[in-house]
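Residues per chain, in single letters:
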Amino acid sequence: MIRSVLLLLLMFSVQLSVSQNKTKQEVLQLMAEDTCECIKNDSVAFAKDVSLEKKEMALGLCIFNSYNKRKGETNTFKGDTFENIEEVAEQVGMLMISVCGSEFMAIFSSDELYSLATDEDEDMPPPPPAPKNENDFNMEVTLSSLHNDAISHITVKDEFGKEHKFVVIEQFEGYDLLKTKNFSKPFRIYYREQSFFDLSEKRYVTKKVVKYLEKI
């Protein structure tokens, strides 16, 4: 009997540990999916004749319920719940545009969408950083230099000593690792290739854009 109880406790602790290992981005993605499902299952609260204020309240409740359901799946959310939920709601809202797309947009009339856009444009948060994608281009590098110009870029060396330049044009996970104390330390950098017009060469050139950075 005691052995069975200990085994159950061990299984529970392992399951709890695994559930808390998700990244913030993974949990936000799950919350966006939860919220899309919440909208789909509550046709009354999101009917076309319901006021914008009530739709916003119903949407906030969907996000809040998902937050309470998912917050234990990551160690990211700490501190004050209401500080977290305000930031989370903005990020989940951005993800919902791609997760439930037309279904999300269909709950608002064109006038309501305009009202939301004009109210929030000034404080519109940037899109959240993309999660790591193992299918992206990536390489093992050491950080050589950091340049904060109009378009920031970093210089690295690969394992063969060849230099590469990566431009920074958006948020990415791991940007806080770009410090002089980390120069010459090993990293894995994930990136995409994108064309930019070069005035000096009078043509489009392909550059590497940072998507994700992690220590090795």
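See above for the structure.
Residues numbered from 1 in each chain as written. Predicted model: local features only at pLDDT ≥ 70, side-chain atom pairs only at ≥ 80, totals over all residues. Heavy atoms only, no water.

A. A look at the overall build of the chain. When helices and strands are counted, the chain shows six helices and five strands. Overall, the chain shows an N-to-C arrangement of helices and strands of α-α-α-α-α-α-β-β-β-β-β. Here the chain holds 216 residues, and 33% of them are scored as buried. Summarising the internal contacts of the chain: among those between residues at least 6 apart in sequence, 62% fall at separations of at least 24. When the accessible surface of the chain is totalled, it reaches about 14200 Å², and 55% of it is carbon and sulfur. (Helix = DSSP H or I, 4+ residues; strand = E, 2+ residues; numbered from the N terminus. Buried < 20%, exposed > 50% of the residue type's maximum accessible area, 1.4 Å probe, protein only. Contact = heavy atoms within 4.5 Å. Areas by Shrake-Rupley, 256 points an atom, 1.4 Å probe, with all protein chains shown as cover.)

B. Up close: helix α2 (residues 24-40). A rise of 1.5 Å per residue sets the reference length of α2, with its 17 residues, at 24 Å; its end C-alpha atoms lie 24 Å apart and thus fit the reference within 8%. What α2 keeps buried is the set Gln25, Val27, Leu28, Met31, Ala32, Asp34, Thr35, Cys36 and Ile39. (Expected span 1.5 Å × (residues − 1).)

C. Geometry of the state of the cysteines. Summed over the entire model, instances satisfying the criterion amount to two disulfides. A sulfur-sulfur distance of 2.2 Å marks the disulfide that ties Cys36 to Cys100. In this structure the cystine formed by Cys36 and Cys100 twists about its S-S bond by roughly -65°; its chirality is therefore left-handed. Residue Cys36 is found in helix α2, and its partner Cys100 is found in the loop between α4 (81-99) and α5 (101-106); the two are separated by 64 residues along the sequence. One disulfide bridge connects Cys38 with Cys62, the sulfur atoms lying 2.0 Å from each other. Judged by the sign of its S-S torsion, about -65°, the bond between Cys38 and Cys62 is left-handed. Taken as a pair, Cys38 in helix α2 and Cys62 in helix α3 (residues 52-70) lie far apart in primary sequence, 24 residues in all. (Disulfide = S-S within 2.5 Å.)

D. Quick peek at the packing of aromatic side chains. Tallied over the entire structure, the rule returns five aromatic pairs. Pairing Phe137 with Tyr191 gives two aromatic rings, centres 5.5 Å apart and planes at 25°, and the pair type is stacked. You can see Phe137 sitting in strand β1 (residues 137-147) and its partner Tyr191 sitting in strand β4 (residues 186-198), a full 54 residues away along the chain. In this structure Tyr191 comes out as buried when scored by relative accessible area, which is 8%. Where Phe197 meets Tyr204, the ring centres are 5.3 Å apart and the plane angle is 70°; that geometry is what we call edge-to-face. Under the relative-accessibility criterion, Phe197 is labelled partly exposed at 47%. On the basis of relative accessibility, which here comes to 59%, the residue Tyr204 falls in the exposed class. Taken together through their ring pairs, the aromatic side chains of Phe137, Phe166 and Tyr191 make up a single cluster. (Phe/Tyr/Trp six-rings, centres within 6.5 Å; stacked < 30°, edge-to-face > 60°.)

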